[in-house]
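# Summary of structural features
These are the residues of each chain, in order.
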Amino acid sequence: MPNTSYRRTHLQQLESEAMYVMREVAAQFERPVLLFSGGKDSIVLVHLARKAFYPGKIPFPLLHIDTGHNFPETLEFRDRLVEKIGAHLIVRYVQDSIDQGRVKEERGPYASRNALQTVTLLDAIEEFRFDAAIGGARRDEEKARAKERFFSHRDQFGQWDPKNQRPELWTLYNGRKGPGEHFRVFPLSNWTELDVWMYIKREGIELPSLYFAHRRQVVNRLGVWLAVSDIVQPLPGEEVAEKTVRFRTIGDMTCTGAVESNATTIDDIIMEVATARVTERGARADDKVSEAAMEDRKRQGYF
Amino acid sequence: MTIEQQPEIKTELETRAPATEVVELLRFSTAGSVDDGKSTLIGRLLYDTRQIFEDQLDDARRASQTRGDPSMELALLMDGLRAEREQGITIDVAYRYFATPKRKFIIADTPGHIQYTRNMVTGASTAELAVILVDARKGIVTQTKRHTFISTLLRIPHLVIAINKMDLVDYSQAVYERIMNEFNDFAAKLRVQDVVFIPISALHGDNVVHKSVNMPWYDGPTLLHYLETVNVGATRNLVDFRFPVQYVIRPNQDFRGFAGQIASGRIRSGEEVAVLPSGLTTRVKSIVTFDGELSEAVAGDSVVLTLEDEIDISRGDMIVRVHNLPQKANRLDALICWMDEEPLDPRRTYWLQHTTRTVKALISDVNYRIDVDTMHREQADTLRLNDIGRVQLTTTQPLFFDPYDKNRATGSFILIDPFTNRTVAGGMIRDMTRDVDELVEEERPSVTVRRPVSQNVVWESGALTREMRERLKGHKAAVLWFTGLSGSGKSTVAKALERRLFEMGVHTFFIDGDNLRHGLNGDLGFTPEDRAENIRRAAEVARLAFEHGNVVLASFISPYERDREFARSLIPAGRFFEVYVKCDVEVCKRRDPKGLYARALRGEIKNFTGVDAPYEEPRAPELVVETDLQSVDDIVETILQELVRVGIVPPSTEADA
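First, a word on what this report is: a plain description of the structure on this page. What you see is a predicted model; the values in this text were computed from it and never measured.

### Here's the deal with the overall build of chain B
Each helix and strand in chain B was counted, giving 20 helices and 27 strands. In chain B, buried positions account for 58% of the 657 residues. Excluding contacts between residues fewer than 6 apart, the proportion of contacts in chain B whose partners are at least 24 apart in sequence is 73%. Carbon and sulfur atoms make up 49% of the accessible area of chain B, which amounts to about 27,400 Å² in all.

And the structure:
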């Protein structure tokens, strides 16, 4: 680092802010957890957590809510990462929640387990008595998130009340809570999609191959290109096409759409993101249901 | 008109792709009344800088068609929550992001209704600049005053008064000027550091991103151009090293590191530090990061410090420089903004969270409430939601703090209700609570330099007073004391400033180490004693010139704080400006205009500041300028603005006339 200048770039400032928030979590809470989805944002979170506590290890476990509909690449990547950094991984399965009768599986060709994750997540939080769950959500993702706090209070039912959030001043984060309540903490609040990609490049962070352009069989459903797999099979009238695609976000195979792209390197992706005309969630079927779809899911305790 | 009907913007957009290179960051807040067009302005900024995506635009277009009001399109891009969308207004702080090839911007978008002072304070707390929307048809209204007052209260260094809806007043220059004058009249009572007025039409895009063809009389920057070029980092204190310990990292027996974000100042490995509250001193052994050890870290960096000696340190302790300590007190004088439905209860204790330390606090006295609309002080026993007032607090354990004016990070706190756990107030420390007795006792104890007075000499006051001379000259007298390392650019800055002042018709007097040591101080060397005598004589000369009504520019390395304090003690309060000319020592060595560093490094000169003699950084200089970061012209402009602001010299336009 040159010592002739005390200027810091925006990525350095965002990184420092995220590390500060992680350390506040470790200091203020007894049983924090990092929500790991296998997507790029949670991979960046893990990287930041390593940096925040270096040379120590990450002082909290990672929690993955497995819908059973994950891309196989996601799970392989997850296991490799956890082994490499020596983190403690907890996995809870939506299938278990279904088997226990906690949730009811949606039926039909447009069924998704996306909404069911919320119950499995809240159950896991209760099971381990986690008092802070660190997530990779960013305020630029969606309108309802623009007002989200770094430290977001959840009541005993895991619910978010947009009218009853604590003001956040300067960098003083208030993590005090009553019994049974918990916090969601979002260290990447001030990052944009482009920031995340630029940071991945700067730090040389490894990502699942799904993010890069590859040939894949896809089917167009409700305007979204879905990957053909055991879980997503073409319906009558739908045609399977082979295209060069990549994924801008990684979630459930049933609702994460691919975009046509030739971006095979981080630099290609950065150029693509910088000139994109559609938001990254624009390719997700779950946000399209109603104008306030995300807000509704957040109130119920979604990520 | 809908935004799509503007083809000239569409083509321009292609050249405005956001930066893919690393850039600077500017956080700013926006405030305006309900109908000032704030959401439209932000929508315009985002749209014209290509931050709006097709699917977002589709959503907004659908929603605005539902309402049958196409002019709402830009505003609807911004409104997040359903409740607001139904009311057509924003009710909470929302954060927006956009970037240009030059900068990334974080907007804290705060609502303007009467009951939401708390949101404005929240948004302002992290902002370096505030954009205040004024409706050109209405001019300065109560809410404009409130926004401005809160922005100055939170010490936002830059204000932009965006005079919107110019299209509805025929783009009239007279309207623009009337509003500007109205604002200046009202703001004269406030501590506004820097303000610009930009006439815009958010709806049509005039002077937002693109220069307006409708207002040829306006030759200032567009809003975006200003946002891209305004000096960032003005809220960052690079002088006073403060490191609140956040978390202790102890992976094994051999490693014990203290994690935290440097709140202000800088630190190098090897430097001597003190740990508060224990007061024990040691040295920084290393500055550890994931990417390797650093030789130096600066305000804003998240690092891990290890220390030479084993000292018991935990979260909430503060690591500081031995010769630059924060204040310590458990009785505080503060301004607070009450943010909870339940009013302040003077009989209850609250949690007070300050840096990484949380203590219990009692509000022992409410001095007054400030009416944010009139800025009048009103007597009050309590504070209610959205009230701002001055209070005295007593804490169970002492806090280590700096006044908020000097240091946002160590001068701010929040209060938490211990029962509801809600954040009930945000506060800014003015000082420790002082009683009259204490004030008398404390009068100037810091000046230890002996000031010899020759016997049988009576101070010759002369028949003419300084005030008479000042009236004749048309400006006030002052002493600007430039301190800094050799080669930092003190004399360069002072001489450039002197030329500007001269051109403005200001009477000046310049002295520096060289011209004094060639004559009056030719008998002195560079030992600490001789340096003290050198400064004593310089300060006395400065005082004589000051008493004759001059603006004195004194440029001396003056490495010791007590010597500078002596110089200060000769001049009345408010007339002495310690200007810390800061520059990295490595840069000074490279510049080495007189070849002195080279000689000192070869051992030919002893006691050379920055090589084998210390430089004590000013603790509380009136001004800090950085010659390795700013141009001489910018620095001169900054100092000049300060002199105008505090009323030493009149604004240059008047002086020219």
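### Examining the packing of aromatic side chains
A full pass over the atoms with the stated rule returns 27 aromatic pairs over all chains. Their ring planes at 20° and their centres at 4.6 Å tell us that F98 of chain B and F105 of chain B sit as a pair that is stacked. Members of the aromatic cluster, connected to one another through ring pairs, are Y20, F29, F150, F151, Y173 and F183 of chain A. A cation over a ring is seen here: K360 of chain B above W351 of chain B, with NZ or CZ 4.8 Å from the ring centre. The side chain of R562 of chain B reaches across the aromatic face of Y560 of chain B, ending 5.6 Å from its centre.

### Comments concerning the pairing of strand β3 (residues 89-93) of chain A
Residues and elements named next belong to chain A. Pairing geometry for strand β2 (residues 62-66) and β3, over five bridges, is parallel. Each residue of the ladder has a partner; that of D66, found in β3, is Y93. Crossover handedness for the path β2 to helix α3 (residues 72-85) to β3: right-handed.

### Points about the environment of P618 of chain B
Residue and element names in this part refer to chain B. Topologically, P618 is positioned in the loop between α18 (596-601) and β27 (623-626). We classify P618 as buried; its relative accessible area is 1%. With 142 residues separating them in the primary sequence, P618 and K476 have C-alpha atoms 25 Å apart. Other than its neighbours up to four places away in sequence, P618 contacts V239, D240, T483, R564, E578 and Y580.

### Re the nonpolar core
In terms of nonpolar packing, the biggest core is built from 74 residues, with F28, L45, L129, V131 and L154 of chain B touching the most fellow members. When near neighbours in sequence (up to four residues on either side) are disregarded, L45 of chain B contacts F28, F98, V208, V209, L223, L224 and L227 of chain B. If you look at the next biggest cluster of nonpolar residues, it comprises 66 residues, including L11, I43, L45 and L62 of chain A.

### Focus on the side chain of R536 of chain B
Residues and elements named next belong to chain B. Within the secondary structure, R536 sits in helix α15 (residues 528-547). R536 sits in the buried class, given a relative accessible area of 17%. One polar contact links R536 to E533, side chain to side chain, over a distance of 3.1 Å.

### So, the environment of V195 of chain B
Residues and elements named next belong to chain B. Within the element layout of this structure, V195 appears in strand β6 (residues 195-199). Accessibility expressed as a relative area gives 24% for V195, which makes it partly exposed. Residues V195 and V131, spaced 64 residues apart in sequence, show a C-alpha to C-alpha distance of 9.9 Å. When neighbours within four sequence positions are excluded, V195 is seen to be in contact with L159, I161 and F183.

### Observations concerning helix α2 (residues 40-53) of chain A
Counted at 1.5 Å a residue, the expected span for α2 of chain A with its 14 residues is 20 Å, and the 20 Å between its end C-alpha atoms agrees. By the criterion of burial, α2 of chain A is predominantly enclosed, with 13 of the 14 residues buried.

### Some thoughts on the sheet that holds strand β1 (residues 24-31) of chain B
Residue and element names in this part refer to chain B. Strand order in the open sheet formed by six strands is β2-β3-β1-β4-β5-β6, and the pairing between neighbours is mixed. Whereas interior strands pair on both sides, the edge strands pair on one side only; in this sheet they are β2 (94-99) and β6. Going from strand to strand, the sheet's axes swing by 25° on average, the running direction of each strand aside. Where β2 meets strand β3 (residues 103-109), six bridges bridge the pair, whose relative direction is antiparallel. Along β3, the bridge assignment pairs Y97 with I106. Along the sheet, helix α7 (residues 142-153) contacts β1, β4 (129-135) and β5 (158-164); its crossing angle with β4, the most-contacted strand, is approximately 170°. Relative to the sheet, helix α8 (residues 173-187) contacts β4, β5 and β6, its axis offset from that of β6 by approximately 155°.

Conventions we followed
- Residues numbered from 1 in each chain as written.
- Chains lettered and ligands numbered in written order.
- Predicted model: local features only at pLDDT ≥ 70, side-chain atom pairs only at ≥ 80, totals over all residues.
- Heavy atoms only, no water.
- Helix = DSSP H or I, 4+ residues; strand = E, 2+ residues; numbered from the N terminus.
- Buried < 20%, exposed > 50% of the residue type's maximum accessible area, 1.4 Å probe, protein only.
- Contact = heavy atoms within 4.5 Å.
- Areas by Shrake-Rupley, 256 points an atom, 1.4 Å probe, with all protein chains shown as cover.
- Phe/Tyr/Trp six-rings, centres within 6.5 Å; stacked < 30°, edge-to-face > 60°.
- Lys NZ or Arg CZ within 6 Å of the ring centre and 35° of its normal.
- Pairing = 2+ DSSP bridges.
- Right-handed = clockwise from strand over helix to strand, strands pointing away.
- Core = buried A, V, L, I, M, F, W, Y, C linked by side-chain atoms within 4.5 Å.
- Polar contact = N/O pair within 3.5 Å; in protein donor to acceptor, adjacent residues only side chain to side chain.
- Expected span 1.5 Å × (residues − 1).
- Axes fitted to C-alpha atoms, helices over the stretch in contact; angles between N-to-C directions.

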